[in-house]
Amino acid sequence: GICIAADIGTNAEVVLSGPDGIIACSSPAGPALEGGQIHDGMRAALGAIDKVSIDEDIRIHTIGDVPALGICGSGLIDAVAALLDVGIIAPSGRMVLEPEKQLPEPLVGRLRLGADDRPEFVLVWADSSANRTDIVLSQGDIRELQLAKAAIISGVEALVVQAGVATDDIAEFMLAGGFGNYLNIHSARRIGLIPDIPADRIRYVANAAGSGAQMALLSETERDRADALAESVTHISLAGYPEFQKMYLGAMGFPKMIR
């Protein structure tokens, strides 16, 4: 069947394997998924918000279960997915100060205008954070995430189109890399970072690049196999790929719903 592997980070490497061979591309996602250019962004270290959910109020989890210092990539994706579900973020990416749904008061109380007169949502109040300042998700953070996820999913889409198949034909989607393995699959699908295919077709494959390097160092047979695979892969340059710009712009919005 059609298998896709994606190593997601500042640059996303995406590989599609099908009956007609292997094709690959690299998509520049930028630093947002690693905490860069995010209002309270940080790397995945002690005190980083790495999981977010919503019920009557926002619920966060931090690495190390310590007071929050900021938010890392997996937490950012969770937060945006959760706020999409309750209508605080519109499919266009705009944060809505007066959502159409009637929401619990604790959630509504977290919505406000920031210092730049743009909407923001308070994830952690100052009296509960490690640095005694409010930790927020800003309108600018949402835009940065949109840029990153559009680059990644349009790279996937370009390979699917190049292979002449459809998204529903994907038999397996593998998430690789240190970041990819900490993604919440539902949240990643909810924001349109990865294809909206059944969750049982998506799996984590740990640090695939590191594992492959170890295999090549320890086994001459595997090293020869790796060399042969590299020679057989067709590389697609997205910069010169027809329709890529259209795909990228079309992927900027968030899905209204997922399966």
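The text that follows walks through the structure, step by step, so that each part is easy to find. (Residues numbered from 1 in each chain as written. Predicted model: local features only at pLDDT ≥ 70, side-chain atom pairs only at ≥ 80, totals over all residues. Heavy atoms only, no water.)

Inspection of the entire model under this criterion finds 10 salt bridges. Residue R190 is joined to D85 by a salt bridge in which the shortest nitrogen-to-oxygen separation is 2.7 Å. Taken together, the residues R190 in helix 5 (residues 185–190) and D85 in helix 1 (residues 73–86) connect sequence positions 105 residues apart. Taking the relative accessible area as the measure of exposure, R190 reaches 6% and is therefore buried. (Salt bridge = Lys/Arg side-chain N within 4 Å of Asp/Glu carboxyl O. Helix = DSSP H or I, 4+ residues; strand = E, 2+ residues; numbered from the N terminus. Buried < 20%, exposed > 50% of the residue type's maximum accessible area, 1.4 Å probe, protein only.)

Looking now at helix 1. Between the first and last C-alpha of helix 1 there are 20 Å, a value that for 14 residues agrees with the 20 Å anticipated at 1.5 Å per step. By the criterion of burial, helix 1 is predominantly enclosed, with 13 of the 14 residues buried. The positive-phi residue at the C-terminal boundary of helix 1 is G87, with phi of around 90 degrees. (Expected span 1.5 Å × (residues − 1).)

For K149, the position within the fold is in helix 3 (residues 139–163). What makes K149 buried here is its relative accessible area of 2%. Those residues in contact with K149 that sit more than four places away from it in its chain are I191, G192, L193, A251, M252, G253 and F254. (Contact = heavy atoms within 4.5 Å.)

This paragraph deals with the sheet that holds strand 1 (residues 2–7). On the basis of which strands lie adjacent, the open sheet formed by six strands has the order 11-10-1-2-3-12 and mixed pairing. Bordering the open sheet on either side are strand 11 (202–204) and strand 12 (234–235), each of which pairs with just one other strand. Across two bridges, the pairing between strand 3 (residues 21–28) and strand 12 is parallel. Counterpart to I23 in the pairing with strand 12 is T234. (Pairing = 2+ DSSP bridges.)

Attention now moves to unusual backbone geometry. Non-glycine residue D65 carries a positive phi angle of around 55 degrees. Assignment of secondary structure puts D65 in the loop between strand 5 (58–62) and strand 6 (70–71). Judged by its relative accessible area of 62%, D65 falls in the exposed class.

A surface patch of like charges, here negative, comprises E220, D224, D227 and E231. Tracing the sequence through the fold places E231 in helix 7 (residues 220–232). (Patch = residues over 30% accessible without salt bridge, like charges linked within 9 Å, V, L, I, M, F, W, Y side chains within 5 Å. Areas by Shrake-Rupley, 256 points an atom, 1.4 Å probe, with all protein chains shown as cover. Lys, Arg positive; Asp, Glu negative; His and termini not counted. Charge placed at Lys NZ, Arg CZ, Asp CG, Glu CD.)

Hydrogen bonds between backbone groups are what pair the strands of a sheet, and the pairing can be parallel or antiparallel. With antiparallel pairing, the three strands of this open sheet are ordered in space as 7-8-9. The open sheet has two free edges, formed respectively by strand 7 (111–113) and strand 9 (135–138), since each of these has just one partner strand. The sheet shows a mean angle of 40 degrees between the axes of neighbouring strands, taken without regard to direction. Where strand 7 and strand 8 (residues 119–124) come together, three bridges link them in antiparallel fashion. By the bridge assignment, R112 is partnered in strand 8 with E120. Packing of helix 1 onto the sheet brings it into contact with strand 8 and strand 9, and relative to strand 9 it is tilted by some 65 degrees. (Axes fitted to C-alpha atoms, helices over the stretch in contact; angles between N-to-C directions.)

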